[in-house]
There are 2 protein chains.
Amino acid sequence: MTFRVGVIGGGQLARMMVEPALAMGLDIKVFAENEGSSAAIAATQVGDYTKISEVREFAKTVDVITFDHEHVPLNVLEALEAEGVSVQPPSKALKFAQNKLHMRARLTELGLPMPAWAEIKTADELNAFIAENGGVAILKTPIGGYDGKGVAVVRQASDAAQWLVNISDFGGSLLAEQKVDFVRELAQLVARRPSGELAHWPLVQTVQRDGVCSEVLVPAPNASQEQLNRAAAIAETVANGLGVTGVLAVEMFETADGQFFINELAMRPHNSGHFSIEGSVTSQFEQHLRAVLDLPLGSTDSVAAHSVMVNLLGVDDLNDFVSSYPKALAAYPSAKFHTYGKSARKGRKMGHITVIGNNPETVLADAKGAASVCLQG
Amino acid sequence: MTFRVGVIGGGQLARMMVEPALAMGLDIKVFAENEGSSAAIAATQVGDYTKISEVREFAKTVDVITFDHEHVPLNVLEALEAEGVSVQPPSKALKFAQNKLHMRARLTELGLPMPAWAEIKTADELNAFIAENGGVAILKTPIGGYDGKGVAVVRQASDAAQWLVNISDFGGSLLAEQKVDFVRELAQLVARRPSGELAHWPLVQTVQRDGVCSEVLVPAPNASQEQLNRAAAIAETVANGLGVTGVLAVEMFETADGQFFINELAMRPHNSGHFSIEGSVTSQFEQHLRAVLDLPLGSTDSVAAHSVMVNLLGVDDLNDFVSSYPKALAAYPSAKFHTYGKSARKGRKMGHITVIGNNPETVLADAKGAASVCLQG
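Residues numbered from 1 in each chain as written. Chains lettered and ligands numbered in written order. Predicted model: local features only at pLDDT ≥ 70, side-chain atom pairs only at ≥ 80, totals over all residues. Heavy atoms only, no water.

Caption draft 1: Quick peek at the packing of helix α1 (residues 12-24) of chain A against helix α10 (residues 284-292) of chain A. Residue and element names in this part refer to chain A. Here α1 crosses α10 at 75°, and the two axes come no closer than 8 Å. As far as their axial angle goes, α10 and α1 are roughly perpendicular. Here L13, M16, M17, P20, A21 and M24 of α1 come into contact with α10, specifically with F285, E286, H288, L289 and R290. Among the residues making up the contact of α1 with α10, the classes are represented as eight nonpolar, one polar and two charged. (Axes fitted to C-alpha atoms, helices over the stretch in contact; angles between N-to-C directions. Helix = DSSP H or I, 4+ residues; strand = E, 2+ residues; numbered from the N terminus. Parallel < 35°, antiparallel > 145°, perpendicular 65-115°, else oblique. Contact = heavy atoms within 4.5 Å. Nonpolar A, V, L, I, M, F, W, Y, C, P; charged D, E, K, R; others polar.)

Caption draft 2: Representation of the relation of the copies chain B and chain A within the structure. You can overlay chain B on chain A at an RMSD of 0.0 Å; the transform is a turn of 180° with a shift of 0.0 Å along its axis. On the angle and the small slide along the axis, the relation comes out as a two-fold axis. Closest approach to the rotation axis within chain B is made by the C-alpha atom of E19(B), at a distance of 2.5 Å. Mapped onto chain A, 100% of the interface residues of chain B are again interface residues, and the two copies thus contact each other with one and the same surface. (Least-squares fit on C-alpha atoms with pLDDT ≥ 70 in both.)

Caption draft 3: Seen up close, the interface of chain B and chain A. In this complex, chain B contributes 38 residues to the contact, which on the side of chain A involves 38 residues. The junction of chain B with chain A conceals about 3,300 Å² of combined surface from both sides, 62% of it contributed by carbon and sulfur atoms. If you look at where chain B meets chain A, you find two salt bridges. A salt bridge links E286(A) to K336(B); the nearest nitrogen and oxygen atoms lie 3.1 Å apart. Across the chain B-chain A interface, the total number found is 18 residue pairs in polar contact (both at pLDDT 80 or more). Residue assignment for the side of chain B that touches chain A shows that the elements contributing at least two residues are α1 (12-24), α10 (284-292), α11 (325-331) and β16 (336-339) of chain B. No other element matches the seven residues that α1(B) contributes to the side of chain B that touches chain A. Taken together, the residues that form the side of chain B that touches chain A break down as 24 nonpolar, eight polar and six charged. (Buried area = accessible area lost by both parts, 1.4 Å probe. Salt bridge = Lys/Arg side-chain N within 4 Å of Asp/Glu carboxyl O. Polar contact = N/O pair within 3.5 Å; in protein donor to acceptor, adjacent residues only side chain to side chain.)

Next comes the structure, spelled out in structure tokens:
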């Protein structure tokens, strides 16, 4: 028999699902946006994922549809589900990933810790929220933001004049959130099967630069057992409460008094979980495939005491990082180099490096050192 | 830039090279024997590897040619090398893998420990060898044998009557070897770059059943440091002495007094090294790609104190092992399941399972237990 997974989106997340699919003998097919995508090796269809007819054609070739990204329109997914297609995570979960206002409302119902928030339709409402929250707010477009895009720090409504004028582009509302005075950012990954089984990885610390993840430290340094448990419980409550299947990443702020506040959700393998390819018995990519196929989940135990992942963000249009292999591999024989087959572009997520080991300082230094050689070109 | 590797042969070894190639962003292309091969996902050409014109066409699309198996005729490789194609391992090394008589002669020149052996052209020569070696010999066809095929235990020349009559089919000679009274079988893997860098994994114990590898224990239990060093030195001497590039597996017998005797060589990733996918910082498949591209080798440190690999050999024409995933994955969440996308057939190498950990008993029991669930279908 075969277990057939269809992935919509041909980015690096789809690419990194191909590796465990090959290992386990699962049949993976990718619906890519264009030729030459990161996951081109498994692409069986190239097309427009907003067109139901195209996605339907793809769905006929697989047992379950899952995603490299969260941008497939809900109406497309709902139509397929009505026709009996297994979509994982299902549209009823993805609607919370696609609209941050829906997400905040649902997390509030679940009683989960979050920044104060409000739906904003007018400048007056925004000014009132800012006044109630210490003179500053984080304003977000409810749909379409990622990697720092669609997010602004505002101290008065006029800071957001452009968005308020065009508010109908965002469905008529913006999301205002309290600016949390955090000491660091964390992420908790969990996987959930349609039949309910859950498995979580250790809490990680994410280091952001210009709104983009630059490093991930595993486990989150100096987290207490109580914090590790609390973070896992939060993520499991989100997964159960929103009906997420596959991998869910819950990004959180930690405040000086050790509290967690949910920042963002991602319903797919996530940059904060790339460490698990080498650092965990079961990687987030293998687990995602198991979960969406409703196969039993694998152990999320760590393979080493510490893992560090450093992103390789494009520096210019020339440095593809692969060119650095002769130097970088020689200097860092324990580092695991990943590149995504993308052409070079400033700021683009081009690859990452993971180092695992028992000494957290060495692991961090090696991961950063290896990245540094690559960045020099 | 891109590093482009061409693999001749579409079996599971090529398939398992695709995974690290994707991870590292190396461009891998496979020349497969037929459609629907194990490595079909990376197949860019399907044809006959004994035809120089077809292999030449393939070679034009890559920077280096390497192999899933050792069966490409030497004249094909020599012709390509003469045209400037990088073939790794080169024909001058592969000739020793393709002809066991040449291999024995060269290993003898290198002074390496081996069973007594002789080239046999007649029944009289065979009877004389048997008489000199305790009344028994292992008789091998010098070319084409694998997994127990092309090997016979003979106590008199008449036991080999068929081979002796057809001796011209084997190039006019057979290879007789002393039957070593061994206590166990071992394998030592090493990788070598064209520029000379070497890296070896820990010595492993292989358990054979009916001439086929069934289990691999890593490291070889109770091996002394002196033995580990000696095994590595033997493999490195072979790699250097035969000019091997890429991964080399040296299969050896261990006798009761702790001596090693070289049994077989394989100049490619080998079944005895599958454990390294999870058990080592750098797997044999990633290392093979690095080595044939003359890129710096990765660390061969172990990720855990113990690894055990168990092969999944076909039991009949129905059990594809994948069907067992719902049961097997649930029962053994720490086991890593590999299947090769092959249709079921009795005795066929269909997949393998690896478990790593710190407790050798648990690791062995889990690997065998997981395989047992799969074998039950």
